[in-house]
Amino acid sequence: MTLATLAEVLQPALRDGYAVPGLVCLGWEDARAYVRAAEAEKAPVILQAGPGARAHMPVAIWGAMFRALAEGASVPVVAHLDHGLTVDDAQAAIAAGFSSVMVDGSALPLEENIRLTAEVAVLAHAAGVSCEGEIGVVGYAGGKASLGTDPEAAARFARETGVDALAVSVGNVHLQTGAGQGLDLALLRRIEVVTDVPLVIHGGSGVPVAQRAALAAGSRIAKFNIGTELRMAFGAALRAAVARDPTRFDRIAILREVEDPMMEAARAVFQGLGASGRG
């Protein structure tokens, strides 16, 4: 088995100047394609089950699926709970075999966020699992606005929670379908000065590819979450597969045709973050 914790893949990334992609999974086909891509690139990979995925399929199934993929993989695979909101969410993921849990208390007042995240970090570490927290609000394209991370609050949060990774808001936005204006580098540098944990960018699809590469190599950002651009690749491949023979109805035959395009799209992500050859 090559199941790994988040800390086990992010600390080398931070040390050696690359970033590991946290790839948002919605089903078996994309998760398997991402592991195939990681193996082709000889790179570690973080498979993520977020709230939408967990609403679609129980967390226990996600845990079993991620672990099955890790067991057969030749590279490190992290089974990561994305955007858990409660201690119960974290406990359920740990019981399901996840090797990493994120608790998102970013909408809470700072004191409450610290208290919640610290409790989850203690629980996770006792089980040999990593913990990611978030401070500052990362908004959504066409929805909730972002609220940038305060550097001094980030320093306190990292110090008092004991998290293995810290998600920050520095101009990143969830669900962007194209490259945005780029991250606020001045704010990022202020956060880097006062924190010593690996940093995480949610909404990585909205960060220009060139800036992702530069920050992977030259900042404390060690993880970029990538979802939207890969879901777009899935949608395009699925439409093409259906259009090739509109009379087909076997979902396995149709979905089999999306895996290679998904794998190739994911390979480009690994390459862009400098993760190739690091597994």
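Scroll up to find the structure this text is about.
Residues numbered from 1 in each chain as written. Predicted model: local features only at pLDDT ≥ 70, side-chain atom pairs only at ≥ 80, totals over all residues. Heavy atoms only, no water.

J.: How should the overall build of the protein chain be read in this particular structure?
T.: Scanning the protein chain from terminus to terminus reveals 11 helices and 11 strands. Taken over the C-alpha trace, the protein chain has a radius of gyration of 18 Å; the compact-globule value for 279 residues is 19 Å, and the two agree within 12%. Dimensions of the protein chain, computed from C-alpha atoms along their principal axes, come out at roughly 60 × 40 × 35 Å. Pairs at least 24 apart in sequence give 71% of the contacts found in the protein chain among residues at least 6 apart. Counting only carbon and sulfur atoms, one obtains 57% of the accessible surface of the protein chain, whose full area is about 11,300 Å². (Helix = DSSP H or I, 4+ residues; strand = E, 2+ residues; numbered from the N terminus. Rg over C-alpha atoms; globule rule 2.2 N^0.38 Å. Contact = heavy atoms within 4.5 Å. Areas by Shrake-Rupley, 256 points an atom, 1.4 Å probe, with all protein chains shown as cover.)

J.: It is not clear to me how the side chain of Ser 219 should be interpreted in this structure. Could you clarify?
T.: Structurally, Ser 219 can be placed in the loop between helix 9 (209–218) and strand 11 (221–226). On the basis of relative accessible area, Ser 219 is assigned to the buried category, the value being 14%. Within the local environment of Ser 219, its side chain forms a polar contact with the backbone oxygen of Leu 215, the two atoms lying 2.6 Å apart. A distance of 3.0 Å separates the side chain of Ser 219 from the backbone nitrogen of Ile 221, its partner in a polar contact. Setting aside chain neighbours within four positions, we find Ser 219 in contact with Leu 14, Leu 188, Arg 189 and Glu 192. (Buried < 20%, exposed > 50% of the residue type's maximum accessible area, 1.4 Å probe, protein only. Polar contact = N/O pair within 3.5 Å; in protein donor to acceptor, adjacent residues only side chain to side chain.)

J.: How should the environment of Ala 49 be read in this particular structure?
T.: The topology assignment puts Ala 49 in strand 3 (residues 45–49). When the C-alpha positions of Ala 49 and Thr 117 are compared, they lie 19 Å apart, and in sequence the two are 68 residues distant. Look past the residues within four positions of Ala 49 in its chain and what remains in contact with it is Arg 54, Trp 62, Phe 66, His 80, Leu 81, Asp 82 and Phe 98.

J.: Explanation requested: the environment of Ala 154 in the structure shown.
T.: Mapped onto the secondary structure, Ala 154 falls in helix 7 (residues 151–161). For the pair Ala 154 and Phe 98, spaced 56 residues apart in the sequence, the C-alpha separation amounts to 26 Å. Ignoring sequence-local partners within four residues, the contact set of Ala 154 consists of Ile 135, Thr 149, Leu 166, Ile 191 and Thr 195.

J.: Explain the packing of aromatic side chains to me, please; I cannot follow it from the model alone.
T.: Think of a pair of aromatic rings as described by two things: how far the centres are apart, and how the planes are tilted against each other in angle. With the rule as written, the count across this model stands at two aromatic pairs. Aromatic pair Trp 62 and Phe 66: ring centres 5.5 Å apart, planes at 50°, arrangement tilted. One end of the pair is Trp 62 and the other is Phe 66, both in helix 4 (residues 59–71) and four residues apart, which spans about a single turn. In this structure, Trp 62 and Phe 66 share a single accessibility class: buried. Ring plane angle 70° and centroid distance 5.8 Å describe the contact between Phe 66 and Phe 98, whose orientation is recorded as edge-to-face. In this pair, Phe 66 is assigned in helix 4 and Phe 98 in the loop between helix 5 (87–95) and strand 5 (100–103), connecting sequence segments 32 residues apart. Feature note: the residues Trp 62, Phe 66 and Phe 98 constitute an aromatic cluster, connected by ring pairs. (Phe/Tyr/Trp six-rings, centres within 6.5 Å; stacked < 30°, edge-to-face > 60°.)

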